[in-house]
Amino acid sequence: MNSSAGSGGEMEVDSNKQEIFQRKRNAVLVNGVILNGPITDSKAGEKFVEDACKIIMEEVIQKAADVTEKVCEWQPPEKLKKLLDLEMRDTGEPHQRLLQLCQDIIRYSVKTNHPRFFNQLYAGIDYYSLVARFITEALNPSVYTYEVSPVFLLVEEAVLKRMIEFIGWKEGDGIFNPGGSVSNMYAMNLARYKYCPDIKEKGLSGLPRLVLFTSEECHYSMNKAASFLGIGTQNVYFITTDERGKMIPEELEKQVQRARKEGAAPFLVCATAGTTVLGAFDPLDKIADICEKHGLWLHVDASWGGSALISRQHRKLLHGIHRADSVAWNPHKMLMAGIQCCALLVKDNSDLLKKCYSAKASYLFQQDKFYDVSYDTGDKSIQCSRRPDAFKFWMMWKALGTTGLEERVNRALALARYLVDEIKKREGFQLLLEPEYANICFWYIPSSLRKMEEGPEFWEKLHQVAPVIKERMMKKGSMMIGYQPHRGKVNFFRQVVISPQVSREDMDFLLDEIDLLGRDL
């Protein structure tokens, strides 16, 4: 028996040796590199993916709604560099070490899907969107031509069509971009191209001084876009806002007339539907009247507020948006489609996007292909490689339906209203203003300041409160909420409600925790 087993083992070894010898004999070498057969160990790779997915499931997805988990495990940068072992070496590391790195990266990352992560204009986890992201990461597509990305191009077309309907346009065009900032830049460039089509070939030299208008509360990407496109930040005219952060139409009219008197060429107005800090919505109808009167392109940055269009109860916030020429809308914010998921939508049926951005690369956009080349939409993008960001929104929309998306918006804004009412009841908490969206801006006033007169010393001391509370909550890991000074107001908290995993109890906890962390100040 033993002899037989030994002889079988020896035969197997001999067989392996013969196979290796045969490979070497038949080897094709180029520059000393053997080209026969794959060099990747697929089985080991598959096992690594399987083990890593278990870690993701256990450490991220299953803990996403657990309020007993920390939002973050704070470490200062120099210490975190050592904890993570960031050095890349000449030789690869074993899979067990890599799996440990995966666990460390998850451990020390901020859990943006935690119910008590309120820090940004995105939060929570949508499981359907997440699966869509797994699929696209595995398939690794690029959305430029139908031949390489047939499914995702059709998905993007279907999603854009529905978003256009919600804006209130009968027809239109659009494209998904890597961020609302890029959508705003696209719109600015598109408006300039419409005003002066020659710029695409002749450049800036023959142009008049172009001027655009936007509110004091606009997103900083407006300035960046003006700088990037060669318009210049001095040619961005900021329009005064009212006490709620809304653009004042009468001030816009004055500034347009001022620009004309200066000999400049006004070409664009950028309104905002949902400002970053205060959550303000500009009066779109009145602004559209001025744009029509002066022949100006109207772009609406609805990156944050656009999702209110899904709600029959709250879509009135964007009344008049159908009169815009272009709209930026980010489903990765309120609708939780996962970063990044950002659309630019254009009220145009003349292929303006393609005319403005196309370069007609002959190795990609051949006109003699065997299928309908109108589906090769990549030439209306400034990118070449482009991610299929519409797919995660589509998958989520298919799973929840429009009704489910509407409920998500309504619940977030109902929770925001609950928090506002609680702030009004509690000693030591003071609202900056009545919110109209999901941004709740408030001060926490420690007991040591509550009887002090609201003079310069009071505001100077109150300015120091929010940063200390933020540091304490980060080091404790109990929650995350943003703070900032804004337009003459000292540091205040900006609470943003988005995730359906957030409950009334989390709202109560937020106020209790701020009081607990700041009562000794």
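Residues numbered from 1 in each chain as written. Predicted model: local features only at pLDDT ≥ 70, side-chain atom pairs only at ≥ 80, totals over all residues. Heavy atoms only, no water.

An unreviewed UniProt entry annotates the protein as Doublecortin domain-containing protein 5 originating from Platysternon megacephalum. Per its UniProt entry, the protein bears the Sequence similarities (unreviewed entry) comment "Belongs to the group II decarboxylase family." Looking at the protein in UniProt, the text filed under Cofactor (unreviewed entry) is "pyridoxal 5'-phosphate". (UniProt positions renumbered as here; feature names shortened; annotations may be inferred.)

Considering the overall build of the protein
Helix and strand counts for the protein stand at 16 helices and 14 strands. Over its C-alpha atoms, taken along the principal directions, the protein stretches across nearly 95 × 65 × 45 Å. For the protein, with 521 residues in total, the buried portion stands at 49%. Of all intrachain contacts in the protein linking residues separated by at least 6 positions in sequence, the fraction that spans at least 24 positions is 71%. Of the roughly 26,500 Å² of accessible surface on the protein, a fraction of 53% belongs to carbon and sulfur atoms. Averaged over its 68 positive side-chain charges, the protein has a centre that lies 2 Å from the centre of its 69 negative ones. (Helix = DSSP H or I, 4+ residues; strand = E, 2+ residues; numbered from the N terminus. Buried < 20%, exposed > 50% of the residue type's maximum accessible area, 1.4 Å probe, protein only. Contact = heavy atoms within 4.5 Å. Areas by Shrake-Rupley, 256 points an atom, 1.4 Å probe, with all protein chains shown as cover. Lys, Arg positive; Asp, Glu negative; His and termini not counted. Charge placed at Lys NZ, Arg CZ, Asp CG, Glu CD.)

A look at the pairing of strand β9 (residues 326-329)
Moving residue by residue along a regular strand, the side chains alternate between the two faces of the sheet. Residue alternation in β9 divides its side chains into two sets, Ser326 and Ala328 and Val327 and Trp329, and both sets are buried. Of the strand pairs in this sheet, strand β8 (residues 297-301) and β9 are connected by three bridges, and their pairing is parallel. Residue His299 lies in a different strand from β9, and its bridge partner there is Ser326. Sheet analysis places β9 next to strand β10 (residues 342-346), joined by four bridges and oriented antiparallel. Considered in β10, the bridge of Val327 is made with Leu345. (Pairing = 2+ DSSP bridges.)

Things to note about empty space enclosed by the protein
Once rolled over the atoms, a probe with the size of a water molecule shows which space is left empty. The tally for this structure, following the rule as stated, stands at one cavity of 30 Å³ or more. Each pocket or cavity is described by its volume, and for the largest cavity that value is around 30 Å³. Every residue along the wall of the largest cavity is listed here: Arg244, Leu278, Gly279, Ala280, Leu433, Glu434, Pro435 and Glu436. (1 Å grid on protein atoms, 1.4 Å probe; cavity = no way out; pocket = protein on both sides within 12 Å on 5 of 7 lines; lining within 4 Å. Points joined across faces, edges and corners; volume = space filled by probe spheres on them.)

Re the nonpolar core
Core analysis: the largest hydrophobic core is formed by 108 residues, its most contacted members being Phe213, Val300, Phe393 and Phe442. If one sorts the elements of this core by residue count, helix α13 (residues 390-425) sits on top with 14 residues. Aside from chain neighbours lying at most four places away, what touches Val300 is Ala271, Ala273, Leu284, Ile321, Ala324, Ser326, Val327 and Ala328. (Core = buried A, V, L, I, M, F, W, Y, C linked by side-chain atoms within 4.5 Å.)

Focus: unusual backbone geometry
Cis geometry marks the peptide bond from Ile339 to Gln340; its omega dihedral reads 0 degrees. Summarising the element assignment, Gln340 is placed in the loop between β9 and β10.

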